[in-house]
Amino acid sequence: MEAQRLWLLWLQALALLWGRAGMGLAHLTATAPPAPAQACSEFSHTSCEECLKNVSCLWCYTNKTCIDYPVRSILPPSSLCSLSNARWGVCWINFEALIIAIAVVAGLILVSIAVCCCYCCYCRRRSRSRPDEEEERLARKREERRLQSLQRKHERKLKHDEIRKKYGLLQDSDNPYSRFENE
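Computed from a predicted structure; not experimentally measured.

**Considerations on the overall build of the protein**
When helices and strands are tallied, the protein shows 5 helices and 4 strands. Each helix and strand of the protein, placed in order from N terminus to C terminus, yields the pattern α-α-α-β-β-β-β-α-α. Residues classed as buried in the protein amount to 17% of the 183 residues present. The long-range fraction of contacts in the protein, counting pairs at least 24 apart against all pairs at least 6 apart in sequence, stands at 41%. Carbon and sulfur atoms make up 59% of the accessible area of the protein, which amounts to about 14900 Å² in all.

Here is the structure:
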């Protein structure tokens, strides 16, 4: 029920904006206070513009009647007036065109959001699966430094083993825990 009321208010505001857009800002500032509300049926067999001056009225072109907008439903039932002949807010757009326009705009927004999401997901997945050249170059340098470090470590161990052997400090590999004898 609340959603229907909000939808009706939104439609009324949209129609008022469309109706006032051609009149200019000077007309909006110079408007007189609204007249007391009259029954919509009093505007029957007049003109669409006269009927729609009251935002709670609905104009039906088939029988040129002005009726109260059925606020209980979002769209007027076909028993009152067909959608192609019903006008509300402004005379130049009918409910069918309004529904189609809103559906097209909403569809375009949804499609554009879906395309943006798919594009972003595709770009992220592509960038994650193939690291760029800078990362590859850094990984190669890191591996080269690691290999050079291992090579220097091995050379130091060989040099230390030679020194230990020269001075007799190299332990027997069969029995590394032998007792050190002092002479």
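**Focus on the pairing of strand S4 (residues 90-94)**
Extensive coverage of S4 is indicated by the burial of 4 of its 5 residues. Judged from the 2 bridges that link them, strand S3 (residues 86-88) and S4 form a sheet pairing that is antiparallel. The residue of S4 that forms the bridge with Trp88 is Val90.

**Here we look at the pattern of salt bridges**
Inspection of every chain in the model, using the stated rule, returns 5 salt bridges. With its nearest N and O atoms 3.3 Å apart, the salt bridge here joins Lys157 to Asp161. One end of the pair, Lys157, and the other, Asp161, are both in helix H5 (residues 133-166), 4 residues apart, so they sit about a helical turn from each other. Between Arg164 and Asp161 there is a salt bridge; the shortest N-O distance is 3.3 Å. Of the two residues, Arg164 and Asp161 both sit in helix H5, 3 residues apart, roughly one turn of that helix. Among the ionic contacts, a cluster of salt bridges with common partners joins Lys157, Asp161 and Arg164.

**Quick look at the sheet that holds strand S2 (residues 65-68)**
Within the open sheet, the 4 strands sit side by side as S2-S1-S3-S4. Their pairing is antiparallel. Here the strands that pair on one side only, and so sit at the sheet edges, are S2 and S4. Each adjacent strand pair in this sheet contributes to an overall mean axis angle of 40 degrees, direction not counted. Looking at chain direction, strand S1 (residues 57-60) and S3 are connected through 2 bridges and run antiparallel.

**Description of the state of the cysteines**
Evaluation of the coordinates by the stated rule reveals 4 disulfides. Across the disulfide, Cys51 is cross-linked to Cys66 (sulfur-sulfur distance 1.9 Å). The sign of the S-S torsion, about 75 degrees, decides the handedness of the disulfide formed by Cys51 and Cys66: right-handed. Of this pair, Cys51 sits in helix H3 (residues 48-51) while Cys66 is found in strand S2, placing the two residues 15 residues apart along the sequence. The burial state of Cys51 is the same as that of Cys66; both residues are buried. Cys118 takes part in no disulfide bond, and the closest cysteine sulfur to it belongs to Cys121, at a distance of 6.7 Å. Looking at the unpaired Cys121, the closest cysteine sulfur is the one in Cys117, lying at 6.4 Å.

**Some thoughts on a nonpolar patch on the surface**
On the surface, Ile74, Leu75 and Ile99 cluster together into a nonpolar patch covering about 200 Å² of accessible area. By the element assignment, Leu75 lies in the loop between S2 and S3. Leu75 sits in the partly exposed class, given a relative accessible area of 33%.

**Concerning the packing of aromatic side chains**
Evaluated as defined, the whole model comprises 3 aromatic pairs. Here the aromatic rings of Tyr69 and Trp88 are separated by 5.5 Å at their centres, their planes lie at 45 degrees, and the arrangement is tilted. Taken together, the residues span a long stretch of sequence, with Tyr69 in the loop between S2 and S3 and Trp88 in strand S3 at a distance of 19 residues. Residue classification places Tyr69 among the buried positions, given a relative accessible area of 5%. What makes Trp88 buried here is its relative accessible area of 5%. Each member of the aromatic cluster is reached from another via a ring pair, and the members are Tyr69, Trp88 and Phe95.

Conventions adopted
- Residues numbered from 1 in each chain as written.
- Predicted model: local features only at pLDDT ≥ 70, side-chain atom pairs only at ≥ 80, totals over all residues.
- Heavy atoms only, no water.
- Helix = DSSP H or I, 4+ residues; strand = E, 2+ residues; numbered from the N terminus.
- Buried < 20%, exposed > 50% of the residue type's maximum accessible area, 1.4 Å probe, protein only.
- Contact = heavy atoms within 4.5 Å.
- Areas by Shrake-Rupley, 256 points an atom, 1.4 Å probe, with all protein chains shown as cover.
- Pairing = 2+ DSSP bridges.
- Salt bridge = Lys/Arg side-chain N within 4 Å of Asp/Glu carboxyl O.
- Axes fitted to C-alpha atoms, helices over the stretch in contact; angles between N-to-C directions.
- Disulfide = S-S within 2.5 Å.
- Patch = residues over 30% accessible without salt bridge, like charges linked within 9 Å, V, L, I, M, F, W, Y side chains within 5 Å.
- Phe/Tyr/Trp six-rings, centres within 6.5 Å; stacked < 30°, edge-to-face > 60°.

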